[in-house]
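Listed below are the residues making up each chain.
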Amino acid sequence: MKARLYILFILLVIGWSSCTRHTTYPLFMQEAAMCMNERPDHALELLQHQKDSIASFPEETQMYYHLLCIQARDKQYIEHTSDSLINQIVQYYENHDDAEKLMMAYYYQGSTYRDMNDAPRALKAFQQAVDVSKHDNILLPKAYNQMGSLFMYQGLYDEAIRVNRKNIELYTKLGQPNKAAYALRDIARMYSMKGEIDSTIF
């Protein structure tokens, strides 16, 4: 009986460790991810320098590599002109258990459709990013901000106000209330569009 319990315990430990194992990415990808927010130009340079060798890596590494490339371009305001690659990345992460990267993939799918002037698909992707988020992170308020802009351009002012208020709430929870300034500005703009001047001034 004790032997069976011991074997069961070993199997459970092995199963747990295999579920919690994370992919170790190449050093250049780790460095690109680390400098992405401060120096997206350098991040893209690091990634592009390895573009000819990336095909030799496992599929998951390739997908994350391409996602990082899209992120680096987006952060430099390089316009997305095609959805084929980001759709492949989204499909991959939809079929693999990695909520954080799936959220990131949905967010940049939304950014791609935003650049392609496809507001309905952009809004859907940003909402999917919000829906799959497991915890508050920096992409979450940004997704609401993007949705606010899209609603505004469609004249859906109440919806724009709603998502921008969510943006403010999340930045406050993250301890970065100063980053909510754009959301406050956009809310004021929406009230102005609605002719509610007192609310605009407030």
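Residues numbered from 1 in each chain as written. Predicted model: local features only at pLDDT ≥ 70, side-chain atom pairs only at ≥ 80, totals over all residues. Heavy atoms only, no water.

At a minimum axis distance of 11 Å, the contact between helix H6 (residues 99-115) and helix H8 (residues 139-153) shows a crossing angle of 25 degrees. In terms of orientation, H6 and H8 fall into the roughly parallel class. For the pair H6 and H8, the crossing hand works out as left-handed. Contacts from Met103, Met104, Tyr107, Tyr108 and Arg114 in H6 reach Leu139, Leu140, Lys142, Ala143, Gln146 and Leu150 in H8. When grouped by side-chain class, the residues that make up the contact of H6 with H8 number eight nonpolar, one polar and two charged. (Axes fitted to C-alpha atoms, helices over the stretch in contact; angles between N-to-C directions. Helix = DSSP H or I, 4+ residues; strand = E, 2+ residues; numbered from the N terminus. Parallel < 35°, antiparallel > 145°, perpendicular 65-115°, else oblique. Left-handed = near helix turned anticlockwise from the far one by under 90°. Contact = heavy atoms within 4.5 Å. Nonpolar A, V, L, I, M, F, W, Y, C, P; charged D, E, K, R; others polar.)

The next thing to look at is the packing of helix H3 (residues 40-49) against helix H4 (residues 59-75). Relative orientation of the contacting elements H3 and H4 amounts to 145 degrees, with a least axis distance of 9 Å. Here the hand of the crossing between H3 and H4 comes out left-handed. For the pair H3 and H4, the contacting residues are Pro40, Leu44, Leu47 and Gln48 in the first and Tyr65, Leu68, Cys69, Ala72, Arg73 and Lys75 in the second. Looking at the contact of H3 with H4 residue by residue, the class counts come to seven nonpolar, one polar and two charged.

Evaluation of the coordinates by the stated rule reveals five aromatic pairs. Each member of the aromatic cluster is reached from another via a ring pair, and the members are Tyr107, Tyr108 and Phe126. Sitting over the ring of Tyr64, Lys101 keeps its end group 4.8 Å from the ring centre. (Phe/Tyr/Trp six-rings, centres within 6.5 Å; stacked < 30°, edge-to-face > 60°. Lys NZ or Arg CZ within 6 Å of the ring centre and 35° of its normal.)

Moving on, we come to helix H5 (residues 84-94). Those residues of H5 lying buried are Ile86, Ile89, Val90, Tyr92 and Tyr93. The buried residues of H5 all sit within an arc of 160 degrees when viewed along its axis, so they share a single face. (Buried < 20%, exposed > 50% of the residue type's maximum accessible area, 1.4 Å probe, protein only. Arc of directions from axis to C-beta.)

Topologically, Gly148 is positioned in helix H8. In this structure, the C-alpha to C-alpha distance between Gly148 and Asp158, residues ten residues apart in sequence, is 9.6 Å. Look past the residues within four positions of Gly148 in its chain and what remains in contact with it is Ala160, Val163 and Asn164.

Within the largest apolar cluster, 57 residues are counted, with the highest numbers of intra-cluster contacts made by Met29, Leu47, Leu67, Ile89, Tyr93, Tyr108 and Met147. Sequence-distant contacts of Met147, defined by excluding residues within four places in its chain, comprise Leu123, Phe126, Gln127, Val130 and Val163. (Core = buried A, V, L, I, M, F, W, Y, C linked by side-chain atoms within 4.5 Å.)

Attention shifts here to H3. The α-helix winds at 3.6 residues per turn, so residues separated by three or four positions along the chain end up facing the same way. For H3, every residue scored as buried is listed here: Pro40, His42, Ala43, Leu44, Leu46 and Leu47. Tucked inside the fold, the buried residues of H3 contact helix H2 (27-35) and H4.

Take unusual backbone geometry next. One non-glycine residue, Tyr77, lies in the positive phi region at around 60 degrees. A positive phi angle, near 60 degrees, is found at Asn117, a position not held by glycine.

The subject of this paragraph is the confidence of the model for the protein chain. Residues with a pLDDT of 70 or more make up 89% of the protein chain, whose mean pLDDT is 88. Overall, residues 5-21 carries pLDDT values under 50, and its contacts beyond four positions in sequence, including any with other chains, amount to zero contacts. (pLDDT = per-residue confidence, 0-100.)

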